[in-house]
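The residues making up each chain are set out below.
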Amino acid sequence: MDADLAHLPHRRWNPLLREWVLVSPHRAKRPWLGAEETVAESRPAYDPDCYLCPGNQRVNGDWNPDYKDTYVFHNDFSALLPEPSHHRFEEGLMRAEPAAGECRVVCFSPRHDQTLADMEAESIVRVIETWQSELADLGQRWDWVQVFENKGEVMGCSNPHPHGQIWASDFIPSLPARELEAQADHFHAHRRPLLMDSLAQELASGERIVDQNEHWVWLVPFWAVWPFETMLLPRRPIASLLDVAPAEVESLAEIMKAGLRRYDALFGVSFPYSMGWHGAPTRTPAPGWQLHAHWFPPLLRSATVKKFMVGYEMLAESQRDLTPEQAAERLRSTGG
Ligand code: H2U
Ligand code: ZN
């Protein structure tokens, strides 16, 4: 790679979202003050006050069953409701559209004290299979199925019990809509998926690869915004989680476990993040769409020092100091 990119301010292009990120590597040359503090967290395997633990009562009065691996329920405070409002509003520049959908909560494990990183690979397999079956079900009725996990208080997660969410909607939300357009345009121009071309480049360079196995590659994208932002994608063209074969599910569970342990080891803390899957829309043609997961962790220098997306970022453009190459190197050298 051009050596200047490691030293001088520059902007990098994100071809998936079609936007720039400002990179200021000279600022990251400050000595690393990463207090590798270990925040002792101890939680019981079962918490009688947790609304996600097996056998407990939720806020709406329903009781969770005595589940053994994963458990899915309708979000009692769903952001989307199945019945569209049948109301369109347009008055000059003010425009509103009806929105319908379904929201579900996915408990990853009956164990209150475990995170995906702590779980055995075979339990992570169950989580992936649950994502697949929910997607198969919701995808029959909705246009976009967003599988995601918000982890950690700093990410606004309300409960440490390992869980994620699924929001399905009768529209393709703004960010996936931009990815859809970018991937389709690239495919029409080059007859190859954008992210397959990007992956080939990343593998050839190797600088930003964090981990890889037979089927999957975990990397810091060239255009990453968050300090330790990563992307996980299959080596072969796969449009949807539904097309991930059983052997690939197993190797996905393994690379996820290793990657999440790297994250935890980085600052000696259960690493907070928002992550989610971007698979092809369920009912809209999506030429060249490549399945991928994004991880957006907020931490910058330690368990407590987070990157703030404020000021310049809010008003002008995303910006980072640590280069994606440095982030990948730190993640690689941190034991998985
Ligand atoms: P987060 O902490 O990631 O936001 O997930 C918790 C979700 O669980 C949240 O969306 C739902 C909230 O609406 N919830 C229930 O569905 N039932 C409950 O009894 C409490 C919380
Ligand atoms: Zn719990």
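Provided above is the structure to which this section pertains.
Thresholds applied
Residues numbered from 1 in each chain as written. Chains lettered and ligands numbered in written order. Predicted model: local features only at pLDDT ≥ 70, side-chain atom pairs only at ≥ 80, totals over all residues. Heavy atoms only, no water. Pairing = 2+ DSSP bridges. Helix = DSSP H or I, 4+ residues; strand = E, 2+ residues; numbered from the N terminus. Axes fitted to C-alpha atoms, helices over the stretch in contact; angles between N-to-C directions. Donors = N, O, S within 2.8 Å, 3.2 Å for Na, K, Ca; no water. Tetrahedral: all angles 85-135°; square planar, octahedral: opposite > 155°, others 65-115°. Patch = residues over 30% accessible without salt bridge, like charges linked within 9 Å, V, L, I, M, F, W, Y side chains within 5 Å. Areas by Shrake-Rupley, 256 points an atom, 1.4 Å probe, with all protein chains shown as cover. Salt bridge = Lys/Arg side-chain N within 4 Å of Asp/Glu carboxyl O. Near = heavy atom within 4 Å. Polar contact = N/O pair within 3.5 Å; in protein donor to acceptor, adjacent residues only side chain to side chain. Nonpolar A, V, L, I, M, F, W, Y, C, P; charged D, E, K, R; others polar. Buried < 20%, exposed > 50% of the residue type's maximum accessible area, 1.4 Å probe, protein only. Parallel < 35°, antiparallel > 145°, perpendicular 65-115°, else oblique. Contact = heavy atoms within 4.5 Å.

Would you explain the sheet that holds strand S2 (residues 19-23) in this entry?
Strand pairs in the sheet, formed through backbone hydrogen bonds, run parallel or antiparallel to each other. In spatial order, the strands read S1-S2-S14; together these three strands make up an open sheet with mixed pairing. At either end of the open sheet lies a strand with only one pairing partner, and these are strand S1 (10-14) and strand S14 (318-320). Each strand axis lies, on average, 30° off the axis of its neighbour in the sheet, ignoring direction.

Help me understand the coordination of the zinc ion (ligand 2), please; the structure alone is not making it clear to me.
Tetrahedral metal sites with four donors have an ideal angle of 109.5 degrees; octahedral sites with six donors have ideal angles of 90 or 180 degrees. The zinc ion (ligand 2) binds to the protein through Cys 50 (SG), Cys 53 (SG), His 112 (ND1) and His 161 (ND1); the donor distances cover 2.0 to 2.3 Å. The coordination sphere of the zinc ion (ligand 2) comprises four donor atoms, whose angles at the metal cover 102 to 117°; the geometry is tetrahedral.

Mind showing me how you'd approach a nonpolar patch on the surface here?
Residues Phe 308, Val 310, Met 314 and Leu 315 make up a contiguous nonpolar surface patch of roughly 490 Å² in combined accessible area. Looking at where Met 314 falls in the secondary structure, it is placed in helix H5 (residues 312-315).

What's the story with the site of ligand 1 in this structure? I'm lost.
Taken together, 14 residues sit near ligand 1, with Val 59, Asn 75, Asp 76, Ser 158 and His 163 positioned nearest. In the environment of ligand 1, an oxygen atom lies 2.6 Å from a nitrogen or oxygen atom belonging to the side chain of Asn 75. Asp 76 has a polar side-chain atom sitting 2.5 Å from a nitrogen atom of ligand 1. Protein coverage of the free-state accessible area of ligand 1, which is 460 Å², stands at 89%. Its residues assigned to classes, the shell around ligand 1 shows six nonpolar, six polar and two charged.

Which parts of the structure should I look at to understand the pattern of salt bridges?
A side chain of one charge can pair with a side chain of the opposite charge if their charged atoms are brought near each other. Under the definition given, this model contains 27 salt bridges. In this structure, Arg 11 and Glu 317 form a salt bridge, with 2.8 Å as the shortest nitrogen-oxygen distance. With Arg 11 in strand S1 and Glu 317 in the loop between H5 and S14, this residue pair connects regions lying 306 residues apart in the sequence. Residues Arg 104 and Glu 134 are paired through a salt bridge, measuring 2.5 Å at the closest nitrogen-oxygen approach. Taken as a pair, Arg 104 in strand S6 (residues 101-107) and Glu 134 in helix H1 (residues 121-138) lie far apart in primary sequence, 30 residues in all. Classification of Arg 104 as buried rests on a relative accessible area of 8%. Among the charged side chains, a salt-bridge network with shared partners connects Arg 12, Glu 202, Glu 207, Arg 208 and Glu 325.

Could you clarify how one ought to interpret the packing of helix H2 (residues 174-190) against helix H3 (residues 194-205) in this entry?
To characterise two packed helices, one gives the angle between the axes of the helices and the distance between these axes. Orientation of H2 relative to H3, taken along the N-to-C sense of each, is 80°, at an axis distance of 8 Å. Regarding the angle of H2 to H3, the classification is roughly perpendicular. Touching Ala 182, Gln 183 and His 186 of H2 are Leu 194, Leu 195 and Asp 197, all from H3. Of the residues that constitute the contact of H2 with H3, the class distribution is three nonpolar, two polar and one charged.

I keep staring at the sheet that holds strand S7 (residues 144-151) and nothing clicks. Help me out?
Strand order in the open sheet formed by nine strands is S3-S6-S8-S7-S12-S13-S11-S10-S9, with antiparallel pairing between adjacent strands. Two strands in the sheet have a free side with no partner beyond their single neighbour: strand S3 (71-74) and strand S9 (209-212). Averaged over all neighbouring strand pairs, the angle between strand axes comes to 20°, with direction disregarded. For strand S12 (residues 273-278) and strand S13 (residues 292-296), the ladder comprises five bridges, and the chain directions are antiparallel.

Honestly, the side chain of His 186 in this entry has me stumped. Any pointers?
For His 186, the location among the structural elements is in helix H2. The exposure class assigned to His 186 is buried, which follows from its relative accessible area of 19%.

How should I be thinking about the pairing of S1 in this particular structure?
It is a general feature of regular strands that their side chains alternate between the two faces of the sheet. Going residue by residue along S1, you find His 10, Arg 12 and Asn 14 tucked away on one face and Arg 11 and Trp 13 left uncovered on the opposite face. The pairing of S1 with S2 spans five bridges and is antiparallel. Opposite Arg 12, over in S2, you have Val 21 as the bridge partner. Between S1 and S2, which pair antiparallel in sequence order, lie four residues; one of them, Arg 18, sits at a positive phi of approximately 55°.

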